[in-house]
Structure formats: structure tokens, C-alpha cells
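Working through the structure, step by step
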Amino acid sequence: MLSSSEIRAKIFLTILGKFQWSEPQRHEAIREYLLVTLPNITPDAATRLAELVPALMPKLYEKWISAFVDRLLETIPDAQLQVLVSGGEENDAALCLVFLMFLESARMEAQMEADLREYAAAHATDPDMGDLVAQYLRAKVAELAREARGTVQ
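This report concerns the structure included in the present document. Keep in mind it's a predicted model, so treat the numbers as computed, not measured. Per chain, residue numbering runs from 1 following the sequence as it is written. Given that the model is predicted, a residue must reach a pLDDT of at least 70 before its local features are reported, and side-chain atom pairs must reach 80 or more before they are shown or counted; all residues, however, enter totals for whole chains, interfaces and linings. Hydrogen atoms and water are omitted, and side-chain values are computed over all heavy atoms in the structure.

**Some details on the side chain of Arg31**
Heads up, the condition is: We count a stretch as a helix when DSSP gives it H or I for four or more residues in a row; a strand needs E for two or more, and each element gets its number in order from the N terminus. Think of it in three bands: residues with accessible area under 20% of the maximum for their type are buried, residues over 50% are exposed, and the middle band is partly exposed, with areas taken using a 1.4 Å probe on protein chains only. When checking whether two residues touch, look at their non-hydrogen atoms; a contact exists if any pair is within 4.5 Å.
On the secondary structure map, Arg31 appears in helix α2 (residues 23-37). Taking the relative accessible area as the measure of exposure, Arg31 reaches 19% and is therefore buried. Not counting chain neighbours up to four residues away, the residues in contact with Arg31 comprise Pro43, Ala46, Thr47 and Ala50.

**Looking at the nonpolar core**
Heads up, the condition is: Joining through side-chain atoms within 4.5 Å is the link that ties buried Ala, Val, Leu, Ile, Met, Phe, Trp, Tyr and Cys residues into a set, and such a set is a nonpolar core.
Ranked by size, the top nonpolar core spans 25 residues in total, and within it Ile11, Ile15, Trp64, Ile65, Phe68 and Leu103 carry the most contacts. A per-element tally of this core places helix α4 (residues 58-75) first, with seven residues. By size, the runner-up hydrophobic cluster in this structure holds eight residues, among which are Tyr33, Ile41, Ala46 and Val53.

**A closer look at the pattern of salt bridges**
Between side chains of opposite charge, pairing is possible as soon as their charged atoms come close. Quick reminder of the rule: By definition here, a salt bridge exists when the distance from a side-chain nitrogen of Lys or Arg to a carboxyl oxygen of Asp or Glu is within 4 Å.
Applying the stated criterion to the full structure yields four salt bridges. For Asp70, the salt bridge is made with Arg8, and the minimal N-O distance between the two is 2.7 Å. Separated by 62 residues along the polypeptide, Asp70 in helix α4 and Arg8 in helix α1 (residues 4-19) bring together distant segments of the chain. Classification of Asp70 by relative accessible area gives partly exposed; the value is 33%. Given a relative accessible area of 34%, Arg8 falls into the partly exposed group. Arg71 is paired through a salt bridge with Glu74; the nearest N and O atoms lie 3.3 Å apart. Residue Arg71 and its partner Glu74 are both found in helix α4; the two are separated by three residues, about one turn of the helix.

**A word on the side chain of Asp115**
Filter applied, for reference: Under the rule applied, a polar contact is a pair of N or O atoms within 3.5 Å (in protein, one hydrogen donor and one hydrogen acceptor; residues adjacent in sequence only if both atoms are side-chain atoms).
Within the secondary structure layout, Asp115 lies in helix α7 (residues 106-123). The exposure class assigned to Asp115 is buried, which follows from its relative accessible area of 5%. Reaching out from Asp115, the side chain makes a polar contact with the side chain of Lys63 at a distance of 2.9 Å. Residues contacting Asp115, with those up to four places away along its chain left out, are Leu60, Lys63 and Trp64.

Structural data, given as C-alpha cells:
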């Protein structure tokens, strides 16, 4: 039986693992997103722009995941948490799905929007770049939600 701190760590690391990419993978994903969402952009311009987008906010991911873990530990009985963190593809997928549902809540949507605007203001001299990062993140969350729902079914 895992302690609360072990459960917290397991959930945090499982969720965080879904958001970690290497730099080339991150650039390629952003490039693909740009090519799909901006039909008039050239492949070269998409590549250059993707390389300019700053790393996708590990501190914000940590903040959002921590808020999720706090809420989960407050609301889910320990016996159910023990099962959820016991490992395995299905349990990890269920955990990720619950996290994505948490992100889609009205409270977290408002919090994420505020965090992304603050991030954009602090890290981008061009407000459109900050909005582009925010749009990309929203699209990635939606994609992960679809993927998780398909895995869990």
C-alpha cells in the first residue's frame, strides 16, 4: 500500500510524462500544427517559427498537475487511488483521461487562460506569438483528450 506522498509522486510523474518531449519532437509537433492551422504558411516559415516558440512552460505544467493531484487526493477515496496508481496501461490511460477532464473544467479553463496570458506577456515581445503558444497548448490538450478517450474505451 502506497503512502499519500507516494501516490502524489506516481500521479504527478505519470501525467508529466505525457507532456515531455525532446526538442526535435516539440519543434516537429509545432511545425505540423502551424502547417494545418495557417494554410498560407510555407514549410520553411513553419519550421523557423516552430524553432522560435519557447519551451512549453514546464512550470505551468507542474502547477496544473499539482492542482489536479491536490483535487484528486481531496475527492477520491484512498482505496480507489491505490488501484488507479497501481500501474498498467489502462490505469495510466484512465489517470490521464481524468486529468484532461480536470483541465476541461470551467475553473481550470479560466486558470489556464490566465496563466497562458501571463506567460505570453512575460515571454513574448509579439503578443501574437504568445497567443500562438496558447492556441497550440489548447489544441494539444484537446488531442490528448481524444487520444485518452480512445484508449480507455
